[in-house]
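What follows is the residue order along each chain.
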Amino acid sequence: MRSLRCWVIPLAFALLTGGCASVQVRDAVHHGALPWGLPSGQPLGRISVWPEVDWRPDQKEKPSREAMARTAIENTFQDFPHGRVTEIRPVAASSAASEQARLDEAKAAGVDTVVIVRVAELGPLLYLSIPVLWSTYSDVKFRLRVVSPASGEVLLDAERQRQVGGPFALRGTGPLTKELEIALREALGLPAR
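Keep in mind that what you see is a predicted model, and the values were worked out from it rather than measured.

## Things to note about unusual backbone geometry
Residues apart from glycine generally show negative phi values, whereas peptide bonds are mostly found in trans.
Alright, step 1. The omega angle of the peptide bond from Leu34 to Pro35 is -5 degrees, so this bond is cis rather than trans.
Alright, step 2. Located in the positive-phi region is Glu61, a residue other than glycine, with phi close to 50 degrees.
Alright, step 3. Structurally, the position occupied by Glu61 is in the loop between strand S2 (46–53) and helix H2 (62–77).

Written out as structure tokens, the structure reads:
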């Protein structure tokens, strides 16, 4: 009996903690296409990146989530091949009301393209089922807009949600920065790093 317990307990632990991970991606494209490619291959010139957040009212740990989003966005745009990223602004709350004024400022400052990354979800999800099933996911959701301040033309407007995880998987906040970076790079048609 004792030898059976020595064999079953490690096996059960391995099954329960190993989990089965899968990747689910959902897109809603309002203008353009994902993965995104440059229209007519023209470089975007001087680029300003605007990280924004649009958290749900009960979002926990907002400052740490904003720091994760900032790191993922910086990593994505540090080697952006389609133009020269001149600035990545601080993370700010989403504000559609002030967007046109900010685009006018960008135009006056000589910015050719604005990339707005509006993060709406960056967190782990946990689902519990009876009798003994749990699933955890890394959940990343954002809206990506690429706009020309000079003409007002929207080159891309799309939303992406990427969930990684599954039954018996253990996923906390640790992988969220990398998951957001992967989702952004895939949406922008950039190679993986």
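## Considerations on the pairing of S2
Alright, step 1. In terms of residue burial, S2 counts as a mostly covered element, since seven of its eight residues are buried.
Alright, step 2. Judged from the four bridges that link them, S2 and strand S3 (residues 84–88) form a sheet pairing that is parallel. Residue pairing in the sheet places Ile47 in a bridge with Val85 of S3.
Alright, step 3. Chirality of the crossover, the property in question, places the unit of S2, H2 and S3 among those that are right-handed.
Alright, step 4. Here S2 runs beside strand S4 (residues 92–93); their pairing, made up of two bridges, is parallel. Bridge pairing links Val53 to Ala93 in S4.

## Overview of the side chain of Ser148
Alright, step 1. Within the secondary structure, Ser148 is located in the loop between strand S6 (133–147) and strand S7 (154–167).
Alright, step 2. For Ser148, a relative accessible area of 14% puts it in the buried group.
Alright, step 3. Of the polar contacts made by the side chain of Ser148, one reaches the side chain of Ser151; its length is 3.3 Å.

## A look at the nonpolar core
One recurring pattern in soluble globular proteins: nonpolar side chains tend to sit buried together.
Alright, step 1. Leu122, Phe142, Leu144 and Leu180 are the most contacted members of the largest nonpolar core, which has 31 residues in total.
Alright, step 2. Not counting residues within four places of it along the chain, the set of residues in contact with Leu180 comprises Ala69, Ala72, Val119, Leu122, Val140 and Phe142.
Alright, step 3. Residues Trp50, Leu103, Ala106 and Val111 belong to the second largest nonpolar core, which totals seven residues.

## Structural notes on the environment of Val91
Alright, step 1. Within the secondary structure layout, Val91 lies in the loop between S3 and S4.
Alright, step 2. Separated by 28 residues in the primary sequence, Val91 and Pro63 have C-alpha atoms spaced 9.9 Å apart.
Alright, step 3. With residues near it in sequence (within four places) discarded, Val91 still touches Pro51, Val53, Glu66 and Arg70.

## Focus: the packing of H2 against helix H4 (residues 176–187)
Alright, step 1. With their axes 8 Å apart at the nearest point, H2 and H4 run at an angle of 40 degrees to one another. Considering the angle they form, H2 stands oblique to H4. Two packed elements cross with a definite hand, and for H2 against H4 that hand is right-handed. The residues of H4 that touch H2, namely those facing Met68, Ala69, Thr71, Ala72, Ile73, Asn75 and Thr76, are Leu176, Thr177, Leu180, Glu181, Leu184 and Arg185.
Alright, step 2. Per-class residue counts for the contact of H2 with H4 are seven nonpolar, four polar and two charged.

## A few points about helix H3 (residues 99–108)
Alright, step 1. Residues of H3 that are buried include every one of Glu99, Arg102, Leu103 and Ala106, and no others. The arc that holds the buried residues of H3, viewed along the axis, is 100 degrees, so those residues lie on one side. Away from its buried face by more than 90 degrees, H3 exposes Glu105 and Ala108.
Alright, step 2. At the C-terminal side of H3, Gly110 shows a positive phi close to 85 degrees.

About the cut-offs
- Throughout this description, residue numbers start from 1 for each chain and increase along the sequence as written.
- Under the rules for a predicted model, residues below a pLDDT of 70 receive no local features and side-chain atom pairs below 80 are neither given nor counted, while totals for whole chains, interfaces and linings still include all residues.
- Here the side-chain values reflect all heavy atoms present in the structure, with hydrogen atoms and water set aside.
- For the purposes of this entry, the term helix denotes a DSSP run of H or I that reaches at least four residues, the term strand denotes a run of E that reaches at least two, and both are numbered from the N terminus.
- The cut-offs for exposure are 20% and 50% of the maximum accessible area for each residue type, with area from a 1.4 Å probe on protein chains only; residues under the lower value are buried, those over the upper are exposed, and the others partly exposed.
- Pairing between strands is defined by DSSP: at least two bridges between the two strands are required.
- Viewed with both strands pointing away, a crossover whose connecting path from the first strand over the helix to the second turns clockwise is right-handed.
- Nitrogen and oxygen atoms within 3.5 Å of one another constitute a polar contact, given that in protein one can donate a hydrogen and the other can accept it, and given that sequence-neighbouring residues count only through two side-chain atoms.
- Only buried residues count toward a nonpolar core, which is a set of Ala, Val, Leu, Ile, Met, Phe, Trp, Tyr and Cys residues joined through side-chain atoms within 4.5 Å.
- Note on contacts: a residue pair is in contact if any heavy atoms of the two residues lie within 4.5 Å.
- Every angle, taken between N-to-C directions, lies between 0 and 180 degrees, and every axis is a line fitted to C-alpha atoms, over only the stretch in contact when it is a helix.
- Throughout, the term roughly parallel applies to angles under 35 degrees, roughly antiparallel to angles over 145, roughly perpendicular to angles from 65 to 115, and oblique to all others.
- Crossing handedness: left-handed means the near helix sits turned counterclockwise from the far one by under a right angle, and right-handed means the same turn made clockwise.
- Under the grouping applied here, Gly and all other residues not named as nonpolar or charged are polar, the nonpolar ones being Ala, Val, Leu, Ile, Met, Phe, Trp, Tyr, Cys and Pro and the charged ones Asp, Glu, Lys and Arg.
- Think of the arc as the fan of directions from the helix axis to the C-beta atoms.

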